[in-house]
Amino acid sequence: MAMAKASVVQGDDFAPTAYHPKAGDQGVSLKVEDFSLWYGAARALWNNTLDFQKGLCTALIGPSGCGKSTLLRSMNRMNDLIDGMKTQGQMTLEGEPIYGATIDVIALRKRMGMVFQKPNPFPMSITENVIYPLRVDGVTNRKFLKEAAEAALRGAALWEEVKDRLDESALGLSGGQQQRLCIARAIAGNPEVLLMDEPCSALDPIATAKIEELIDELKGRYTLIIVTHNMQQAARVSDNTAFMYLGRLIEYGDTKSMFEKPQVKRTEDYLTGRFG
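Sequence positions are assigned chain by chain, starting from 1 and proceeding in written order. Note on the predicted model: pLDDT of at least 70 is required for a residue's local features to be given, and 80 or more for side-chain atom pairs to be given and counted; whole-chain, interface and lining totals, by contrast, use all residues. Only hydrogens and water are removed before side-chain values are computed, so all heavy atoms of the structure are retained for them.

**Quick word on the overall build of the chain**
Item 1. Strands are runs of DSSP state E lasting at least two residues, helices are runs of H or I lasting at least four, and both sets are numbered from the N terminus onward. A count of helical and extended segments in the chain gives 11 helices and 11 strands.
Item 2. Seen through its C-alpha atoms, the chain measures out along the principal axes to roughly 60 × 40 × 35 Å.
Item 3. The cut-offs for exposure are 20% and 50% of the maximum accessible area for each residue type, with area from a 1.4 Å probe on protein chains only; residues under the lower value are buried, those over the upper are exposed, and the others partly exposed. Across the 276 residues of the chain, 51% fall into the buried class.
Item 4. In the chain, the share of contacts with a sequence separation of at least 24, taken over all contacts with a separation of at least 6, comes to 71%.
Item 5. Of the roughly 12900 Å² of accessible surface on the chain, 51% is carried by carbon and sulfur atoms.
Item 6. This count recognises Lys and Arg as positive and Asp and Glu as negative, with His and chain-terminal groups excluded. Note on charges: their place is set at NZ of Lys, CZ of Arg, CG of Asp or CD of Glu. Side-chain charges in the chain split into 32 positive and 34 negative, and the spacing between the mean points of these groups amounts to 2 Å. Contact definition: two residues touch when any of their heavy atoms are within 4.5 Å. Here the accessible surface of atoms and residues is derived via Shrake-Rupley with a 1.4 Å probe, and residues count as covered only by protein chains that are part of the display.

Written as structure tokens, this is what we have:
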């Protein structure tokens, strides 16, 4: 329904995207240029242009159906799995194209860890969950796998809680622990970018706080891009924020300046709860 709505607003009065200065000076990790996407005849994204600063956290915010998750899933080409999907424009990761007939999509996805809305641990041990991507890559060295599992669990701030139960089923962990386990699995292959699609929406406030602390710790090591409906969460964890509406980027830049002094009325109305 949201995508159909987005497909009929071409004549609406949308001003050019408003940009604030962005946080960080480590360069650009992922760049989106004039990017549009269709599901069949329904247009879901409209000529979006933005870049993501290396080592920082960028939040994608906006009402349901605005294209946040569609844009996120376009970055590692998960939308390729949907029949009738087509794109226009460009995306690049470290200057290398993401779309194109010759792109190795599997190799691309290894460079981008993905964490979904609901924790999705596999029905296997904690250790095997973490090292699963490495096993898929054909890694068999036990010492390396053991060290990689510990490093990833430490990186996900979970090691101290599970180090004595590594051979137990991951399904026995709490929801918050399962989500941190999924983060450990996502970073086990040492990706450059970590994509997070509403990673806290299924968690209680205590587990959410731990994930937010973890996001802060992961900055610098990874470029983080997080979709969230929670305005307070975006303000807490992100360095930059992109506000989307009906498939369009409306406003983008430094989180603090955007929250305190938005340049576009639609952004202000959303941030102040007038709609969304």
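**A short note on the nonpolar core**
Item 1. The biggest cluster of nonpolar side chains holds 49 residues, and the ones touching the most others in it are Leu153, Ile183 and Leu194.
Item 2. When near neighbours in sequence (up to four residues on either side) are disregarded, leucine 153 contacts Ile126, Val130, Leu158, Trp159, Val162, Leu166, Leu181 and Ala184.
Item 3. We define a nonpolar core as any set of buried Ala, Val, Leu, Ile, Met, Phe, Trp, Tyr and Cys residues linked to one another through side-chain atoms lying within 4.5 Å. Met91, Ala242, Met244 and Leu249 belong to the second-largest nonpolar core, a separate cluster that totals 31 residues.

**Concerning the layout of surface pockets**
Item 1. Points on a 1 Å grid, built from protein atoms alone, make a cavity when a 1.4 Å probe fits but cannot get out and make a pocket when they are open with protein on both sides within 12 Å along at least 5 of 7 lines; residues with an atom within 4 Å of a point are the lining residues. Grid points are joined across faces, edges and corners, and a volume is the space filled by probe spheres set on the points. Roughly 720 Å³ of volume is contained in the largest pocket.
Item 2. Taken together, 23 residues line the largest pocket, and the ones lying closest to its centre are Arg109, Lys110, Met112, Met114 and Pro133.
Item 3. Of all the secondary structure elements, the ones that give two or more residues to the lining of the largest pocket are helix H3 (105-110), strand E7 (112-115), helix H4 (126-136) and helix H7 (175-187).

**Here's the deal with the sheet that holds strand E1 (residues 18-19)**
Item 1. DSSP bridges decide pairing: two strands pair if at least two such bridges lie between them. Here we have seven strands laid out as an open sheet, ordered E1-E11-E10-E4-E9-E8-E7, and mixed in their pairing. Here the strands that pair on one side only, and so sit at the sheet edges, are E1 and E7.
Item 2. Judged from the two bridges that link them, E1 and strand E11 (residues 248-254) form a sheet pairing that is parallel. In the strand pairing of E11, tyrosine 19 is matched with tyrosine 252.
Item 3. Each axis is a line fitted through C-alpha atoms, and for a helix only the stretch in contact is used; angles between axes span 0 to 180 degrees, taken between their N-to-C directions. The strands that H7 touches are E7 and strand E8 (193-197); relative to E7, the one it contacts most, it runs at about 165°.
Item 4. Packing against the sheet, helix H8 (residues 205-218) makes contact with strand E4 (57-61), E8 and strand E9 (223-227), and its axis sits at approximately 150° to E9.

**A closer look at the sheet that holds strand E3 (residues 42-53)**
Item 1. Taken in spatial order, the four strands of this open sheet run E3-E2-E5-E6, and their pairing is antiparallel. For this open sheet the edge positions go to E3 and strand E6 (96-97), each flanked by a neighbour on one side alone.
Item 2. Inspection of the sheet shows strand E5 (residues 85-93) paired to E6 by two bridges, in the antiparallel sense. Bridge pairing links leucine 93 to glutamate 96 in E6.
Item 3. Where helix H2 (residues 68-75) meets the sheet, its contacts fall on strand E2 (28-39), E3 and E5, and the angle it forms with E2 comes to roughly 115°.

**Focus: the packing of aromatic side chains**
Item 1. Working definition: rings of Phe, Tyr and Trp (its six-membered ring) pair if their centres are within 6.5 Å, and the pair is stacked with planes under 30 degrees apart, edge-to-face with planes over 60 apart, and tilted otherwise. According to the stated counting rule, one finds five aromatic pairs in the structure shown.
Item 2. For the ring pair phenylalanine 14 and tyrosine 245, a centre distance of 6.1 Å and an interplane angle of 40° mean the geometry is tilted. You can see phenylalanine 14 sitting in the loop between helix H1 (2-6) and E1 and its partner tyrosine 245 sitting in strand E10 (residues 240-245), a full 231 residues away along the chain. No difference in accessibility class separates phenylalanine 14 from tyrosine 245, as the two residues are buried.
Item 3. Residues phenylalanine 52 and tyrosine 252 carry aromatic rings whose centres are separated by 6.4 Å and whose planes lie at 55° to one another, so their mutual orientation is tilted.

**Looking at the pairing of E10**
Item 1. Where burial is concerned, most of E10 is hidden: six out of the six residues are buried.
Item 2. Covered by surrounding structure in E10 are Asn240, Ala242 and Met244 together with Thr241, Phe243 and Tyr245, the residues of both alternating faces.
Item 3. In the sheet, E4 pairs with E10 via four bridges, with the strands oriented parallel. Paired with leucine 60 across the bridge in E10 is alanine 242.
Item 4. Both E10 and E11 contribute to a ladder of six bridges, which runs antiparallel. Bridge pairing in E11 places asparagine 240 opposite aspartate 254.

**Some points on the pairing of E5**
Item 1. With eight bridges joining them, E2 and E5 adopt antiparallel strand pairing. If you follow lysine 31 over to E5, its bridge partner there is threonine 92.
Item 2. The loop that links E5 with its antiparallel partner E6 comprises two residues; one of these, glutamate 94, has a positive phi angle of about 50°.

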